[in-house]
Amino acid sequence: MNGSIGRRGVLSGMGLLFLGACSKVADTKIGGSMLDSAEKWHRKIHRSLSDRMALAREYTKADISPNFRGNGSRTVDTPEYAAAIETGFADWRLEVRGLVDHPMSLSLDNIRRLPQRTQITRHDCVEGWSAIGEWTGPQLSTILEAAGVQDSAKFVVFRCADTLAGSRYYESVDMVDAYHPQTIVAHALNGEPLPVKNGAPLRMRIERQLGYKHAKYLTAIELVDSLEDIGDGEGGYWEDRSGYQWYAGI
Ligand SMILES: Nc1nc2c(c(=O)[nH]1)N[C@H]1C(S)=C(S)[C@@H](COP(=O)(O)O)O[C@H]1N2
Ligand SMILES: [Mo]
């Protein structure tokens, strides 16, 4: 928390210095045109960042699909997971690790006690189907702020409990999607604990991205500076296998 406020302070200080320097160069003719193009460049960056931060459409309860299908893994095929279902996932842990100041191991209770966001959104799968559901959980940003993300972190990797055709499922996003307000760690669908087929007990919702980015059966959140050493290096299970785009923004 303190770290990020401190950083913001440093950044706005740098902004002031930059402005000061600019008004000096703007006094010269060549400086004036430099300032123009710097300003255009800044506006363009700002516009693309605000595009990426824009919210995905949210729907009403009347729009909710009666049956949200399960796709890809529809369960985790291990005795441990079968036992976890029996206890209502009482011992499930979400690890937060990698480039963070405070690694954490969160229980479902810890996660349910954080400030919550509920959103009714449309899930789009590249296989050509969509479904609308109401998802509830803390924003990923809340968890990241508690963990204290280090400056060198560039990506968030999502680790999953399930194995699909012999390999663990995983996914990753950049820090823009990680801090997007509709990126949540969901523990409920339509007001009920997540069904097994939809990723119980925890799954990502990353509403500005296609379906395969929304990691189910979530066990860990890992902050890294590169995706090179994760899986085959393409940033996700399907990206490594089928050439799906890593950036699947919608
Ligand atoms: N762990 C894990 N997450 C996953 C998958 C998977 O097989 N395993 N499939 C992905 C795909 S392709 C889609 S479309 C959605 C499906 O979510 P659903 O089962 O809730 O419909 O989960 C995504 N997340
Ligand atoms: Mo999908």
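The structure presented is a predicted model; accordingly, all values stated were derived computationally and were not measured. (Residues numbered from 1 in each chain as written. Chains lettered and ligands numbered in written order. Predicted model: local features only at pLDDT ≥ 70, side-chain atom pairs only at ≥ 80, totals over all residues. Heavy atoms only, no water.)

A. Spatial organisation of the packing of aromatic side chains. Going through the model one piece at a time under the given rule, you end up with eleven aromatic pairs. Each ring, one from Tyr81 and one from Trp92, has its centre 6.0 Å from the other, and the planes form 80 degrees; the classification is edge-to-face. Note that Tyr81 is positioned in helix H3 (residues 79-86) and Trp92 in the loop between H3 and strand S1 (94-98), a separation of eleven residues in sequence. When its relative accessible area of 11% is taken as the criterion, Trp92 is described as buried. A network of ring pairs unites the aromatic residues Tyr169, Tyr212, Tyr237, Trp238 and Tyr244 as a single cluster. Sitting above the plane of the Tyr170 ring, Arg159 keeps its charged end 5.9 Å from the centroid. The ring of Tyr237 has Arg241 lying over it, and the distance from NZ or CZ to the ring centre is 3.9 Å. (Phe/Tyr/Trp six-rings, centres within 6.5 Å; stacked < 30°, edge-to-face > 60°. Helix = DSSP H or I, 4+ residues; strand = E, 2+ residues; numbered from the N terminus. Buried < 20%, exposed > 50% of the residue type's maximum accessible area, 1.4 Å probe, protein only. Lys NZ or Arg CZ within 6 Å of the ring centre and 35° of its normal.)

B. Representation of the sheet that holds strand S8 (residues 188-189). Here four strands make up an open sheet; going across it, the order is S3-S4-S8-S9 and the pairing antiparallel. The open sheet has two edge strands, strand S3 (117-125) and strand S9 (192-193), and neither has a second partner. Across two bridges, the pairing between S8 and S9 is antiparallel. When the sheet's bridge partners are listed, Leu189 is paired in S9 with Glu192. (Pairing = 2+ DSSP bridges.)

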